[in-house]
Amino acid sequence: MQSIQQESLTVDEANQALNVDLESGLWAFIVKMINYPELTFDDKTNVISYEGFVPFKELAKEWIVGINDNTYDVQKCQGCGAFFDINTAEGIYGKPDDFEKFICIPCADKMTAREYYQRYVEQ
């Protein structure tokens, strides 16, 4: 009987393997968007783990190309710092006219109108 090899990459190893320089939060986003049950990202250790049959590098490369060519409009939440594809995620903007300063719905739900006004409108 043949067993499936468990693979893992640190963020630095993933960056090197794909010739990019992405921060760990962006790798967490890419892993989440690939959406394979056998593919995980550990926030504590910044390690990407996957079963050997998952074509992780090829799938990640597709996302990286899509981010770079603006197929995906990926922005960082101003509240929690997580990344989101704003074409598919719900949220609000600190600068709505420019679609800048994205705030995800969980962070927006925690923010009062006064906090929003003081942080984004009053500036």
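Just above sits the structure.
Residues numbered from 1 in each chain as written. Predicted model: local features only at pLDDT ≥ 70, side-chain atom pairs only at ≥ 80, totals over all residues. Heavy atoms only, no water.

### Some thoughts on helix H1 (residues 11-18)
Along an α-helix, a turn takes 3.6 residues, which lines up residues three or four apart on a common side.
Okay, so step 1: Listing the buried residues of H1 in full gives Val-11, Ala-14, Asn-15 and Leu-18. The buried residues of H1 occupy an angular sector of 100° when the element is viewed end-on, so they sit on one face. Seen from the open side of H1, the exposed residues pointing more than 90 degrees away from its buried face are Asp-12 and Gln-16.
Okay, so step 2: Where the residues of H1 are buried, they touch strand S1 (6-10), helix H2 (24-34), strand S2 (39-42), strand S3 (47-51) and helix H3 (56-68).
Okay, so step 3: Just downstream of H1 lies Asn-19, where phi reads positive at about 55°. (Buried < 20%, exposed > 50% of the residue type's maximum accessible area, 1.4 Å probe, protein only. Helix = DSSP H or I, 4+ residues; strand = E, 2+ residues; numbered from the N terminus. Arc of directions from axis to C-beta. Contact = heavy atoms within 4.5 Å.)

### Remarks on the packing of aromatic side chains
Within a pair of aromatic rings, the relevant descriptors are the distance that separates the centres and the angle that separates the planes.
Okay, so step 1: Following the criterion strictly, the structure yields eight aromatic pairs and no others.
Okay, so step 2: Note on Trp-27 and Phe-56: the rings are 6.0 Å apart at their centroids and 45° apart in plane angle, and the pair reads as tilted. Of this pair, Trp-27 sits in helix H2 while Phe-56 sits in helix H3; the two residues are 29 residues apart in sequence, bridging distant segments of the chain. Assigned by exposure class, Trp-27 and Phe-56 land together as buried.
Okay, so step 3: Here the aromatic rings of Trp-63 and Tyr-72 are separated by 3.8 Å at their centres, their planes lie at 20°, and the arrangement is stacked.
Okay, so step 4: Classification of Trp-63 as buried rests on a relative accessible area of 11%.
Okay, so step 5: Note on Tyr-72: relative accessible area 24%, which makes it partly exposed.
Okay, so step 6: Three or more aromatic residues link up through ring pairs in this structure, and these residues are Phe-84, Tyr-93, Phe-99 and Phe-102. (Phe/Tyr/Trp six-rings, centres within 6.5 Å; stacked < 30°, edge-to-face > 60°.)

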